[in-house]
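# Architecture at a glance
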Amino acid sequence: MSQIRKLAGQTAIYGLSSILGRVLNFLLVPLHTMYLSREEYGQNTDLYSLAAFLIVVLTYGFETAFFKFSEDRRFDPERVYSTAVRSILFSSILFLAIFSMFHGNIVDLLRYQEHPEYVWIMFVIVCMDAIAAIPFARLRSKNRAVRFVVVKMALILTNVALNLYFFWLAPRWIAGEWPMAEMVQWTYIPDYGVGYVFLANLVASTVMLIMLVPEFRFMKAGFDKVIWRSMLRYGYPLMIAGLAGVANEMIDRQLIKYLLPQGVAEEQLGIYGAVYKLSIFLVLFNQAFRYAAEPFFFSSEKDKNAPATFARVMDLFVLILGLGFVTILVFLPWLKHFIDEKFWEGLYILPILLAANVFLGINTNLSVWYKLSGKTWYGMVITYVGLIFTLGFNLYLIPRLGYEGAAWATLVSYFAMMVTSYLTGARNYPIPYDLVKIGSALAISFVAGYLSLLWAKPTFVPQLMVFAIFLILMGLLFRTDVARLVATVKQRL
């Protein structure tokens, strides 16, 4: 029991720090959408989606491989660590060397001829993150959760502070001729725009690496070719699966960029990226659930009533997802101000993206079956099913519908993954999900969300009436689950 408590406590620390970090970065969205044009925000969306692919390639599964091989008694943990760090350090430097050799062609391919330094900065950031991956993994393996969080928060807070400086403080400092305005001019170039987003990240990543310097002293154990080959064999399939997962989430940004005419692609990508940010509320909840639920699932695995418990967890999970979906759409006239007005023309795709994230959340919950049964390769199969739908629908819809096509492709992909996970789980690890209740909850949520948009008024009266009826219907549908939850909370209090 003490081990489970320890796991749950550390999960809470890592989970809360990760979610807090995403929230802090999320709070930069109003700043960026206000001061960047739609084209510039498109560049921001483009390069960060590209970075997501590169970080998977440059770490090539070694983070997970480190956890496995450092716990293997056949190998010296310090030698495993040293080998992994040296490998990623060498491959990152090699990556930058190859980029410098073909830098002109790559910049042309990525369409950054006017600002090639953007590509340079982003690639250096990705290499820094790759190099830091194994030291961070070591901190986790040594149960040094506090130091892990301190370094992560230093990275995030530095990035946030520099963004506030470049986009808000420095321009006002100079314009108002405040004290030290001449000094500020040395650190600020007007109209550099999105370049400051990348520059702030570069400085923050540098701070992160400096703070991790003490962890690199453990590289003295040297490089072991046998360990390296074993880690590479283990990590390579993880990299392939990781690329598929990132592609499911990010490939639509790259396809918008290359499937639409060059004159409008960046603007459409900027609108899509800004509106997608509003769906992050459900994404954050899904991530919070994953951090909290995984220890619970594994600790409950041997309980004879585990399948029934997992089914009840799904009921409550769908209830909360539906509540989040409807709440966002009911209060969208307020929430839309989180992004600048120039992006509002794309708000009509928000319900599609929110519904997609509802299906993704359910799929996350369904994944318990292959994690507990040890058949984790099914996770890769499900991911590739989603990727097939992602590529097919994006390639067909984006040239016809623009970023709306990307939103529909995301919805179809996540729905296909959810259905595939349920069907395979029903055969391999049956859990008595109440499909009628879940389907009814989703139907009520989607209809309520649609009506709240259809009848939206500045007074909020129609939206609130819809919201009240939605709460009543969901309360009736889940009355048993809610009563049981309230009773449990009262008992523990």
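Just above, that's the structure.
Scoring rules and cut-offs
- Residues numbered from 1 in each chain as written.
- Predicted model: local features only at pLDDT ≥ 70, side-chain atom pairs only at ≥ 80, totals over all residues.
- Heavy atoms only, no water.
- Helix = DSSP H or I, 4+ residues; strand = E, 2+ residues; numbered from the N terminus.
- Buried < 20%, exposed > 50% of the residue type's maximum accessible area, 1.4 Å probe, protein only.
- Contact = heavy atoms within 4.5 Å.
- Areas by Shrake-Rupley, 256 points an atom, 1.4 Å probe, with all protein chains shown as cover.
- Phe/Tyr/Trp six-rings, centres within 6.5 Å; stacked < 30°, edge-to-face > 60°.
- Lys NZ or Arg CZ within 6 Å of the ring centre and 35° of its normal.

So, on to the overall build of the chain. Looking only at helices and strands, one finds 22 helices and 0 strands in the chain. Of all 493 residues assigned to the chain, the portion counted as buried reaches 50%. Excluding contacts between residues fewer than 6 apart, the proportion of contacts in the chain whose partners are at least 24 apart in sequence is 83%. Accessible area of the chain: about 23700 Å², with a carbon and sulfur share of 68%.

Our next topic: the packing of aromatic side chains. Applying the stated criterion across every chain yields a total of 34 aromatic pairs. Seen in terms of ring centroids, Phe99 and Trp120 are 4.6 Å apart; in terms of plane orientation they differ by 70 degrees. Their pairing is edge-to-face. Of this pair, Phe99 sits in helix α5 (residues 77-101) while Trp120 is found in helix α7 (residues 116-141), placing the two residues 21 residues apart along the sequence. Among the residues examined, Trp120 registers a relative accessible area of 29% and is labelled partly exposed. Seen in terms of ring centroids, Phe99 and Phe123 are 4.7 Å apart; in terms of plane orientation they differ by 65 degrees. Their pairing is edge-to-face. Of this pair, Phe99 sits in helix α5 while Phe123 sits in helix α7, placing them 24 residues apart in sequence. Assessed through its relative accessible area of 1%, Phe99 is described here as buried. Under the relative-accessibility criterion, Phe123 is labelled buried at 5%. Members of the aromatic cluster, connected to one another through ring pairs, are Tyr35, Tyr48, Tyr112, Tyr118, Tyr165, Phe166, Phe167, Tyr188, Tyr192, Tyr196 and Phe198. Positioned over the ring face of Trp344 is Lys336, at 4.4 Å from the centre of the ring. Lying over the aromatic face of Tyr396, Arg400 brings its terminal NZ or CZ to 4.0 Å of the ring centre.

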